[in-house]
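So the chains spell out like this:
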Amino acid sequence: MPPTTTTQRSETVISARKTSIERKGPRYYTVLVLRYVSLLLVTVILIGPFVMAFLSSFKTTQEVLAWPPTLLPQVWRLQNYAEVWNALADANGNSYFPRWVLNSLILSGGVTLAHLFFCSIAAYAFTRLRFPGKRFIFAAMLSTLMIPSMVMMIPQYQILNSLHLVDTFGAILIPNLVSASMIFLLTQFFRTIPRELDEAAYIDGASIFTTFWRVILPLARPALATMALLSFQGMWNNYLGPLVLLNTPEMFPLTVGLGFLKGQYSTFYNVVLAGSMFNTIPMVLLFVFFSRFYVQGVTYSGIK
Amino acid sequence: MAKQAEGRPDVPRSSGLNRNMQEALTGYLYVGPWIVISLVFTFGAMLYVFYLSFTDMQILNEPKLIGIDNYVKVLTDRLFHMALFNTILYAAVVTFLQTLLALLLAVTLNAKIRGKTFFRSAWYLPSVTSWVVISLIFVWVFQKEGILNYVLVTLFGWTGFEPVAWLTDVGAHTALPALMAVSIGCTAPIFMLYFLAALQDIPEEVYEAASLDGSVGPHRFFHITVPMLRPIIFLVVVLGTIGSLQVFDQVYLMTNGGPLNQTTTINLLIYRSAFTDHRFAYASAMSFILFVIILSLFLVQNRLIGGSNTVER
């Protein structure tokens, strides 16, 4: 792998720097230049394809496949975005694409709201309340993180089918109302909140729910923000569940819709890439604006 | 953790319920939603898939028990052998290289450099992108007339390098490595964040003491940094293994198992058997085998690199 060798080099570069840092001779500057060149090289390898895809989403169908490829579009063709918006339509002429965007928003928003409530009360119970079997239930919850999602698709399909929920949003929302990994993430954070705070409220006679609602939740805002971002992103980018459980194009979220679009528009890469940007750019913007919460998420858990 | 009853006075409630009892009931109520959902959709589902694997279930028929027939069929199916081989090779290479890359990226960023935040954010960007979009982009990148070939011809054309159709060339056997490379590049930055967080927890004094003992450069990396990071390496290896054994989206969208099943993985085979061919029982048997593989690899890894409690970290 090219990235590996580049970073290996920069690793030795960094340790070499320690010795030369005091006397800033020519060697110091060579090392400095080499280090930033390798950092930029890694950056190009890791995100170059994504930048190229973004730029190419404005090219013409011919230019997106041109050899040699162009970096910037010769003509910025913004119509690609309008074209994908109206690319596929149902029998009544209603375009699918806006539906897919809306469906993705509904599903991701719904799951996020459900997680904010159900995962935080569960995490509160696991960290603050005493009840028999708590350790066992917590361990059982962690063990579910190891079960492959595909293994559960077959029985989930059967169960949801017998409840007549296949091809409805219920099929996606109900199994995802609570998430073991998100409960785990919140318990990690709740454990860092000093117990004295809620015990004081408790002694003052506040009910268990009031303690949770008025003391813990306000203190847990950063963790809740982290969880909300991860939940939203997880559902927004989810593919397998909707692929299996939703059948009609009107019900698709954007991910499944894009896979469908690729089948129909396989030769129009500019349009497919423009469609992809509707899926990617919102997540990139969330990340750019709230990146500290993503980094925090890692600190509090170890789960994507 | 569970037993911290001392020092917390029992305030009698007007409801007449004693506070401990009330607390326990509230506890069950709050954990209740997870218990109910997981009893149906996780534990119930696991039991159901185990049961189905011993039946003749197709899609809508009444399942009838037929013993271990499905397991015999799966384990003697040549396609399953290929998928098993591909999956294990994929998981081994991806887990190893992405852990290594994540570690190297983290160590690089942990040094005193300018623009640390910029590089960290830029490298992380593929991780917020869905596999669907990554797949659509890389199908285009990996074409015979794609930008990867253009870059390689420009750089290495003098060695006689010829453009390859990375995802579809049967003879070149490049499809699986191409899928691996994409996964490594797009997943390593997530694990890099784990390592970065852990590296910042290593006290400066440890490095100072090490440098007094003459431990610098690669020696310091392998004898100080790596052992200090052992719990987090374990976590990253376990999560990487579990994730890569389940690879589906990219395979389904980029190659759909081709060319000639060179990239068919177990998950793709399960999906096809269940949702294209409607052989639910057969797919259930495969699912259960995959689950057993993941579980046993976890136990082996726990033995080899894990300490206790690292997952609960």
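## Structural notes on the overall build of chain A
So, step 1. On a plain count of helices and strands, chain A comes out with 15 helices and 0 strands.
So, step 2. Here the C-alpha atoms of chain A give a radius of gyration of 25 Å, more than 25% beyond the 19 Å that 2.2 N^0.38 yields for 304 residues.
So, step 3. When the backbone C-alpha atoms are referred to their principal axes, chain A occupies close to 75 × 70 × 35 Å.
So, step 4. Across the 304 residues in chain A, those meeting the buried criterion constitute 43%.

## Considerations on the interface of chain A and chain B
So, step 1. Contact residues are listed per partner, giving 81 residues for chain A and 84 residues for chain B.
So, step 2. Here the side of chain A that touches chain B gets 12 residues from one element, more than from any other, and that element is helix 15 (residues 269-300) of chain A.
So, step 3. Split into classes, the residues belonging to the side of chain A that touches chain B amount to 52 nonpolar, 22 polar and 7 charged.

## What to know about the nonpolar core
So, step 1. The biggest cluster of nonpolar side chains holds 173 residues, and the ones touching the most others in it are A:Ala122, A:Ile183, A:Leu186, B:Ala102, B:Met192, B:Phe195 and B:Met286.
So, step 2. Of the residues forming this core, the biggest block, 17 residues, is contributed by helix 7 (residues 175-200) of chain B.
So, step 3. Among all residues touching B:Met286, those that are not within four sequence positions of it are B:Val74, B:Phe80, B:Ile266, B:Leu269, B:Ile270 and B:Ser273.

## Describing unusual backbone geometry
Peptide bonds are, in most cases, trans, and in most cases residues other than glycine have a negative phi.
So, step 1. With an omega of -5°, the peptide bond running from A:Trp67 to A:Pro68 counts as cis.
So, step 2. Positionally, A:Pro68 belongs in the loop between helix 3 (61-64) and helix 4 (79-85).
So, step 3. Of note, A:Asp167 is a non-glycine position whose phi angle comes to about 70°, a positive value.
So, step 4. In this structure, A:Asp167 sits in the loop between helix 7 (149-162) and helix 8 (169-173).
So, step 5. We note that B:Asn261 has phi near 60°; this positive angle belongs to a residue other than glycine.
So, step 6. One can find B:Asn261 in the loop between helix 11 (249-254) and helix 12 (266-276).
So, step 7. The class for B:Asn261 is partly exposed, based on 16 C-beta atoms found within 10 Å.

## Describing the environment of A:Met146
So, step 1. Tracing the backbone through its elements, the reader meets A:Met146 in the loop between helix 6 (134-143) and helix 7.
So, step 2. Distance from A:Met146 to A:Leu46, taken between C-alpha atoms, is 29 Å for residues 100 residues apart in sequence.
So, step 3. Discounting chain neighbours no more than four positions away, the residues touching A:Met146 are B:Ile242, B:Ile294, B:Leu295 and B:Phe298.

## Digging into the confidence of the model for chain B
Residue and element names in this part refer to chain B.
So, step 1. Taken as a whole, chain B shows an average pLDDT of 86; of its residues, 92% reach a score of 70 or greater.
So, step 2. This model gives residues 1-14 a pLDDT under 50, and the stretch forms 12 contacts once residues within four places in sequence are excluded.
So, step 3. For residues 308-313, every residue scores under 50 in pLDDT, and the model assigns this stretch 10 contacts once sequence neighbours within four places are set aside.
So, step 4. Confidence metrics for the complex model read pTM 0.87 and ipTM 0.86.

## Observations concerning the environment of B:Thr174
So, step 1. Mapped onto the fold, B:Thr174 is located in the loop between helix 6 (147-156) and helix 7.
So, step 2. The contact partners of B:Thr174, leaving out residues within four places of it in the chain, are B:Val164, B:Trp166 and B:Asp169.

## Quick notes on the confidence of the model for chain A
So, step 1. Summary statistics for chain A give a mean pLDDT of 86 and a share of 90% for residues scoring 70 or more.
So, step 2. Every residue in residues 1-11 of chain A scores below 50 in pLDDT, and together they form 31 contacts with partners more than four places removed in sequence or on other chains.

## Digging into the packing of helix 3 (residues 78-110) of chain B against helix 7 of chain B
Residue and element names in this part refer to chain B.
So, step 1. Two elements in contact, helix 3 and helix 7, have axes separated by 6 Å at closest approach and are oriented at 40°. The pairing of helix 3 with helix 7 is recorded here as oblique in orientation. As for the relative orientation of helix 3 and helix 7, their crossing is right-handed in sense.
So, step 2. Of the residues in the contact of helix 3 with helix 7, the class split is 21 nonpolar, 6 polar and no charged.

Basis of the calculations
Residues numbered from 1 in each chain as written. Chains lettered and ligands numbered in written order. Predicted model: local features only at pLDDT ≥ 70, side-chain atom pairs only at ≥ 80, totals over all residues. Helix = DSSP H or I, 4+ residues; strand = E, 2+ residues; numbered from the N terminus. Rg over C-alpha atoms; globule rule 2.2 N^0.38 Å. Buried ≥ 20, exposed ≤ 12 C-beta atoms within 10 Å, placed from the backbone. Contact = placed C-beta atoms within 7 Å. Nonpolar A, V, L, I, M, F, W, Y, C, P; charged D, E, K, R; others polar. Core = buried A, V, L, I, M, F, W, Y, C linked by C-beta atoms within 7 Å. pLDDT = per-residue confidence, 0-100. Axes fitted to C-alpha atoms, helices over the stretch in contact; angles between N-to-C directions. Parallel < 35°, antiparallel > 145°, perpendicular 65-115°, else oblique. Left-handed = near helix turned anticlockwise from the far one by under 90°.

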